[in-house]
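Below, each chain spelled out in residue letters.
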Amino acid sequence: GNSVTQMEGPVTLSEEAFLTINCTYTATGYPSLFWYVQYPGEGLQLLLKATKADDKGSNKGFEATYRKETTSFHLEKGSVQVSDSAVYFCALSRLISSGLTFGEGTQLTVNP
Amino acid sequence: DTGVSQDPRHKITKRGQNVTFRCDPISEHNRLYWYRQTLGQGPEFLTYFQNEAQLEKSRLLSDRFSAERPKGSFSTLEIQRTEQGDSAMYLCASSLAPWDRGSGEQYFGPGTRLTVT
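For every chain, the first residue of its written sequence is number 1, and the numbers climb from 1 along that sequence. Key to labels: chains lettered from A, ligands numbered from 1, both in the order written. Residues qualify for local features only when their pLDDT is at least 70, as the model is predicted, and side-chain atom pairs are given and counted only at 80 or more; totals for whole chains, interfaces and linings, by contrast, use all residues. Hydrogens and waters are ignored; side-chain quantities use all the structure's heavy atoms.

(A) Up close: the sheet that holds strand 1 (residues 5–7) of chain B. Residues and elements named next belong to chain B. In this analysis, strands are considered paired if DSSP registers two or more bridges between them. Helix and strand assignments follow DSSP, with helices taken as H or I runs no shorter than four residues and strands as E runs no shorter than two, numbered in order from the N terminus. In space, the four strands of this open sheet follow the order 1-3-8-7, with antiparallel pairing throughout. Bordering the open sheet on either side are strand 1 and strand 7 (65–68), each of which pairs with just one other strand. Taken pair by pair, the neighbouring strands of this sheet meet at an average axis angle of 15 degrees, ignoring direction. With four bridges joining them, strand 7 and strand 8 (residues 75–79) adopt antiparallel strand pairing. An axis is simply a line fitted to the C-alpha atoms; with a helix, the fit covers only the stretch in contact. Between two such axes, the angle follows the N-to-C directions and lies from 0 to 180 degrees.

Shown next as structure tokens:
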């Protein structure tokens, strides 16, 4: 079956530090890949997506590249801000089975 | 467009009671999904609808759970004879079918937090 594995958290960084949150997946075929973010007290929001191999999704300074050879979709940001503190979820979907499969989530805290 | 809405936002019930949640999707979206999220975990897929047809149900969806989308617009999720293990956040999401536009990205509502005492 499908599965998503994220790096264990929580992650604590200082403002302006470089961020990487690792995500690897197991799926048959060619899934679409997503990063969702959940800010404190808010609902899940789509952060970025990639639908085929070597696609790069980007939004709000965050980037992730769909790497089929390593089955990975790592999230990166060059300089984090306090406002980036949130829980980040990696997820995948397949066209035929439309439910999203989520990773466990990674709590990010950015200190001033 | 006001996004996906869910009602109620919070529900406290006693074990053994039945509860029903409602979800109103984004108006042009033909797909609607239900997920369950427990503390510290990612959401787990329960079921989804394409218009009024329920196309897939997860093994997580026991016989005590039933979902409907009678006119292809709003949906309800009912839990019968609630158990303490049902305590969770129940999330609704909507999307266009992948062949309509985009990659099937899903937009989530704020969730209904259920506490079973």
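Still to come is the rest of the account.
(B) Local environment of the environment of Trp-35 of chain A. Residue and element names in this part refer to chain A. Tracing the chain through its elements places Trp-35 in strand 5 (residues 32–38). The buried label applies to any residue whose accessible area, calculated with a 1.4 Å probe on protein chains only, is under 20% of its type's maximum; exposed applies above 50%, and partly exposed to all values in between. Residue Trp-35 is classed as buried on the basis of its relative accessible area, which comes to 0%. For Trp-35 and Ala-91, which are 56 residues apart along the polypeptide, the C-alpha to C-alpha distance reads 6.2 Å.

(C) Just the interface of chain A and chain B, in detail. Contacts are residue-level and defined by heavy atoms, with any inter-residue pair within 4.5 Å sufficient. Across the contact, 20 residues belong to chain A and 18 residues belong to chain B. Defined in terms of a 1.4 Å probe, buried area is the accessible area two parts forfeit on being brought together, summed over both. Summing the contributions of chain A and of chain B, the shared interface buries around 1500 Å²; its carbon and sulfur component is 53%. Counted as salt bridges are all cases of a side-chain nitrogen of Lys or Arg within 4 Å of a carboxyl oxygen of Asp or Glu. In this structure, the connection of chain A to chain B is made through zero salt bridges. Nitrogen and oxygen atoms within 3.5 Å of one another constitute a polar contact, given that in protein one can donate a hydrogen and the other can accept it, and given that sequence-neighbouring residues count only through two side-chain atoms. Linking chain A with chain B are two residue pairs in polar contact (both at pLDDT 80 or more). Of all elements in the fold, only strand 5, strand 6 (44–50) and strand 10 (86–93) of chain A reach the threshold of two or more residues within the side of chain A that touches chain B. The leading source of residues in the side of chain A that touches chain B is strand 5 of chain A, at four residues.

(D) Molecular detail of the sheet that holds strand 8 (residues 62–65) of chain A. Residues and elements named next belong to chain A. Pairing is antiparallel across the open sheet formed by four strands, whose spatial order is 3-9-8-7. In this open sheet, the two strands that pair with only one neighbour each are strand 3 (19–21) and strand 7 (56–59). On average, each strand axis in the sheet is tilted by 15 degrees relative to the strand beside it, whichever way the strands run. As paired elements, strand 8 and strand 9 (residues 75–77) share three bridges and run antiparallel to each other. Within the sheet, the bridge partner assigned to Glu-63 lies in strand 9 and is Glu-76.

(E) Here's a closer look at unusual backbone geometry. Omega for the peptide link from Asp-7 of chain B to Pro-8 of chain B comes to -5 degrees, which places this bond in the cis form. Here Lys-60 of chain A, not a glycine, exhibits a phi torsion of approximately 55 degrees, which is positive. As for its placement among the helices and strands, Lys-60 of chain A is situated in the loop between strand 7 and strand 8. The phi dihedral of Asn-51 of chain B is positive, around 55 degrees, even though this residue is not glycine. Counting through the fold element by element, Asn-51 of chain B comes out in the loop between strand 5 (44–50) and strand 6 (53–57). On the accessibility criterion, Asn-51 of chain B (35% relative accessible area) is partly exposed.

(F) Structural context of the side chain of Gln-38 of chain A. Here Gln-38 of chain A lies in strand 5. Taking the relative accessible area as the measure of exposure, Gln-38 of chain A reaches 18% and is therefore buried. If we ignore the near neighbours within four places in the chain, the residues touching Gln-38 of chain A are Gly-43, Leu-44, Ala-86, Val-87 and Phe-89 of chain A together with Gln-37 of chain B.

(G) Molecular detail of the pairing of strand 11 (residues 112–116) of chain B. Residues and elements named next belong to chain B. Across the two faces of strand 11 the burial differs, with Thr-112, Leu-114 and Val-116 buried and Arg-113 and Thr-115 not buried at all. Summarising the sheet, strand 2 (residues 10–13) and strand 11 pair through four bridges and their orientation is parallel. Opposite Lys-11, over in strand 11, you have Leu-114 as the bridge partner. Summarising the sheet, strand 9 (residues 88–95) and strand 11 pair through three bridges and their orientation is antiparallel.

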